[in-house]
Structures are given as structure tokens and as C-alpha cells.
Amino acid sequence: MKRILANVSSVHNSACTFSDNSARFASLRGENLGRVIAIANQKGGVGKTTTTVNLGASLAATERRALVIDCDSQGNMTTALGFAKDPARRTLYNLLILDESIDRVLLKTQVEGLDLIPSDKNLVGAAIELVDMENREYRLKAIVDPLKQNYDYVLIDCPPALDLLTLNALAAADSVLVPIQTEYLALEGVSELLDTLMRLRRTINPSLAIEGILLTMYDDRTTLSKQVAADLRSFFGAQVYETVIPRNVRLAEAPSHGKPVMFYDIHSKGAESYLQLAKEVIAYGTKRFGAGA
Ligand code: ATP
Ligand code: MG
């Protein structure tokens with residue numbers, strides 16, 4: 001645990017001295033903020049995709065321009081945003097491996113202000129094909145960097161693995177948001193992720209910060225959830241968002257209707273909590289970059 005804490009505080013310190021001046025000055029000029037956040041945790045089923053979809057939609061609803069990138073060959077985010085499987089659709093694979101132009105791949109979603117780079121099962125091939133490519137960790141960064149000027153936030157939904165696709169996402173990102181399911185053994189795997197982040201900061205992305213740690217699937221009827229949440233807060237301190245995402249059936253139902261939760265049931269606790277999270281993410285940026293963010 002001491003090692004986890006040491007890692008956390010070291011990553012956190014650098015987040016506080018974050019020095020991406022171009023983003024800061026852009027925001028002060030009232031231009032798009034262009035902040036790239038990877039949503040990552042190699043543990044499966046902790047709420048990465050749910051968070052990317054609903055944080056993206058909530059940022060768009062608060063009039064921020066947002067792009068979400070589906071970096072997972074399961075393509076869950078693509079279907080959750082209403083795009084049924086279609087073998088003819090161009091995806092992130094076409095950008096990463098075939099160098100096709102972004103205009104042929106970028107999709108507008110039904111949410112105004114929210115765009116999507118979709119994926120499908122072809123992305124499995126990308127993870128393998130990338131291995132022999134030049135600049136294999138930086139292929140996504142090369143795609144994302146020119147897009148930053150068009151958006152306030154770019155969110156990347158990572159697969160449940162520390163593979164080359166996740167490395168590409170973390171190389172392209174300014175920061176990483178880690179969803180953790182509020183359950184027994186919640187910390188398992190987080191230490192490995194933090195070790196990887198530290199390694200990446202020494203190698204491919206020295207300015208990678210921790211955006212925040214998000215407690216998901218919280219069940220306030222159980223003492224276990226409360227206990228786990230209290231433990232995580234005492235380990236990670238201020239890095240844990242105040243907003244907690246409750247276990248909420250509407251959040252689980254919305255993807256099968258191809259909608260972010262706020263367009264499925266705006267009054268649900270799930271919709272409320274992701275809007276709250278968006279406010280917290282924006283406020284954190286404002287604190288860090290100044291009032292223009
Ligand atoms: P993977 O690692 O497979 O990519 P993930 O981390 O992206 O998974 P999700 O797909 O977002 O996780 O969530 C896993 C499952 O839990 C999904 O069926 C989702 O609908 C459901 N779920 C996510 N968050 C909540 C929540 N707060 N309340 C209820 N169900 C949820
Ligand atoms: Mg997912």
C-alpha cells in the first residue's frame with residue numbers, strides 16, 4: 001500500500017504543476033480547451049465505457065465541444081451511442097493502420113456537440129499490426145493532436161488491458177481518469193495501473209497527469225460500499241472525485257437503447273451523477289487553467 005501511495009502522490013504532484021501552456025493560453029483566449037483524457041483501468045467491467053459515454057454527453061450538454069474515441073475492439077461505446085454494428089463503417093482501425101483521413105471516420109452523434117470516432121472488432125487486428133509499425137505508441141497521438149483545436153474535451157475509452165491500444169491512448173492523453181468499482185478488493189489492479197503510469201511518465205509521456213479517480217457502481221444501501229468508498233478516499237485523498245456514480249439500473253439499460261442516460265431518463269440518479277461529474281471535471285480545469293477554461 002505504501003508503494004501505491006508513493007506513486008499516487010508523485011503523479012499527483014506533477015498534476016498540480018501541470019504545464020501545458022498551449023492549453024492554458026487557448027482557454028484564456030476563449031478557444032477550445034483541447035484537453036485529452038484517457039478513461040482507463042485494465043480491470044474489466046468497472047464502468048469505463050459508461051463513464052466515457054455519459055461524461056461525454058454531459059460535457060456536450062453543458063456546451064463543451066466533446067469528442068469520444070472508442071479504443072476498444074468490443075465497440076461497446078459505438079453501440080451505446082446508437083450505431084448498430086456495420087461492417088462497412090470506417091473505424092479507428094482505418095485511421096491507425098490505413099492512414100485514412102479523419103473526415104471519412106468521424107461521426108456526429110445524436111447529442112449536439114458530441115462527436116465519435118467509432119470502433120469494431122477489426123481493432124483486434126490493430127493491436128497486433130501496431131507491433132511492427134514505426135512510432136507504434138504514438139499513432140493515436142498523431143491523430144488526436146490536430147483534433148484538439150476543435151474540441152474542449154477528447155475522451156478515450158480504453159480496453160480492459162494494458163495493451164498497445166491503451167499505451168497509444170495514454171501517450172495521446174494529457175491525463176487519465178480511473179473508474180474504480182466500489183466493491184471488495186477494489187484496489188486490486190490499481191497498483192499495476194499506477195506502476196504503468198509512472199513508467200509511461202518516464203518514457204513516452206512525461207506530462208501525463210491523473211485527472212481523477214471515480215468511484216462507480218456505489219450502492220449506498222450496503223455497508224460494504226460505504227466501507228470501500230471510505231478506504232479509497234483515505235488512500236487516494238483529494239484525487240477521488242466528490243461525485244460518486246451510484247449503481248443505477250437506468251445506466252445499465254440506456255446502452256441497449258443506443259442513448260446516453262440523460263437522453264433515456266434525465267431524472268435518473270445515473271443521469272444526475274454524470275452531470276455532476278462533468279461539472280467537477282470542468283471546475284478542476286478552471287482551477288488549473290484559469291477562468292477561461
Ligand atoms: P470493459 O472492461 O468490458 O470495457 P467497462 O469498464 O467499460 O467494461 P462498462 O461496460 O461501462 O464497463 O460497465 C460494465 C457493465 O456494468 C455494463 O453492463 C454497464 O451497463 C453496467 N454499469 C456500468 N456502470 C453502472 C452503474 N453505475 N450502475 C449500473 N450498471 C452499471
Ligand atoms: Mg468498456
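Here the residue numbers are simple positions, counted from 1 along each chain's written sequence. All chains are assigned letters beginning at A, and all ligands numbers beginning at 1, according to the order in which they are written. Under the rules for a predicted model, residues below a pLDDT of 70 receive no local features and side-chain atom pairs below 80 are neither given nor counted, while totals for whole chains, interfaces and linings still include all residues.

1. What to know about the overall build of the chain
Inference 1: The helix and strand tally for the chain stands at 13 helices and seven strands.
Inference 2: Classification of the 293 residues of the chain by burial places 46% in the buried group. Note on conventions: DSSP H or I runs of at least 4 residues are helices, E runs of at least 2 residues are strands, and numbering of each starts at the N terminus. We call a residue exposed when 12 or fewer other C-beta atoms sit within 10 Å of its C-beta, buried when the count reaches 20 or more, and partly exposed for counts in between; the C-beta positions come from the backbone.

2. Some words on the site of ligand 1
Inference 1: Of all residues adjacent to ligand 1, which total 19 residues, the nearest are Gly44, Lys48, Thr49, Thr50 and Pro160.
Inference 2: Mapped onto the shell around ligand 1, the elements with two or more residues apiece are helix H3 (48–61) and helix H11 (249–253).
Inference 3: Among the elements that line the shell around ligand 1, the one with the most residues is H3, at three residues.
Inference 4: Asp, Glu, Lys and Arg are counted as charged, while Ala, Val, Leu, Ile, Met, Phe, Trp, Tyr, Cys and Pro are counted as nonpolar; the rest, among them Gly, fall into the polar class. Looking at side-chain class alone, the shell around ligand 1 contains seven nonpolar, nine polar and three charged residues. Near, for a residue, is defined by distance from a backbone-placed C-beta atom to a molecule or strand, with 6 Å as the limit that must not be exceeded.

3. Here's the deal with the environment of leucine 95
Inference 1: By the secondary structure assignment, leucine 95 is in helix H5 (residues 92–96).
Inference 2: On the basis of neighbour counts, which here come to 23 C-beta atoms within 10 Å, the residue leucine 95 falls in the buried class.
Inference 3: Counting along the chain gives 47 residues from leucine 95 to alanine 142, while the straight-line C-alpha distance between them is 10.0 Å.
Inference 4: If we skip the residues at most four places from it in the chain, leucine 95 touches Glu100, Ile102, Val105 and Ile143. By the criterion used throughout, residues are in contact when their C-beta atoms, derived from the backbone, lie within 7 Å.

4. Let's talk about helix H8 (residues 164–172)
Inference 1: Of all nine residues in H8, nine are buried; the element is thus mostly enclosed.
Inference 2: What H8 keeps buried is the set Leu164, Leu165, Thr166, Leu167, Asn168, Ala169, Leu170, Ala171 and Ala172.
Inference 3: Contacts from the buried residues of H8 go to strand E1 (35–39), helix H6 (123–129), helix H7 (139–144), strand E5 (153–157), strand E6 (175–181) and helix H9 (190–202).

5. Remarks on unusual backbone geometry
Inference 1: At asparagine 135, a position not held by glycine, the phi torsion is positive, near 50 degrees.
Inference 2: Turning to its location among the elements, asparagine 135 is positioned in the loop between H6 and H7.
Inference 3: Judged by local crowding, asparagine 135 falls into the exposed class, with 11 C-beta atoms found within 10 Å.
Inference 4: Positive phi outside glycine occurs at methionine 217, with the angle close to 55 degrees.
Inference 5: Among the structural elements, methionine 217 can be located in the loop between strand E7 (209–216) and helix H10 (223–236).
Inference 6: Accessibility expressed as a C-beta count within 10 Å gives 21 for methionine 217, which makes it buried.

6. Considerations on the sheet that holds strand E3 (residues 107–108)
Strand pairing in a sheet takes place through backbone hydrogen bonds and is either antiparallel or parallel in direction.
Inference 1: A strand pair is defined by DSSP finding two or more bridges across the two strands. Taken together, seven strands build an open sheet; the order of strands is E3-E4-E2-E5-E1-E6-E7 and the sheet is mixed. Because the sheet does not close on itself, it has two edges, and the strands there are E3 and E7.
Inference 2: Relative to the sheet, H3 contacts E1, strand E2 (66–70), strand E4 (114–117), E5, E6 and E7, its axis offset from that of E5 by approximately 165 degrees.
Inference 3: For helices, the fitted axis covers only the stretch in contact; all axes are lines through C-alpha atoms, and the angles between them, taken along N-to-C directions, range from 0 to 180 degrees. Packed onto the sheet, H8 meets E1, E5 and E6 and runs at close to 150 degrees relative to E1.

7. Describing the pairing of E1
Inference 1: Counting buried positions along E1 yields five of five residues, so the element is predominantly enclosed.
Inference 2: Along E1, one buried face is formed by Arg35, Ile37 and Ile39 and the opposite face, lined by Val36 and Ala38, is buried too.
Inference 3: The sheet contact formed by E1 and E6 spans three bridges and is parallel. Opposite isoleucine 37, over in E6, you have serine 175 as the bridge partner.

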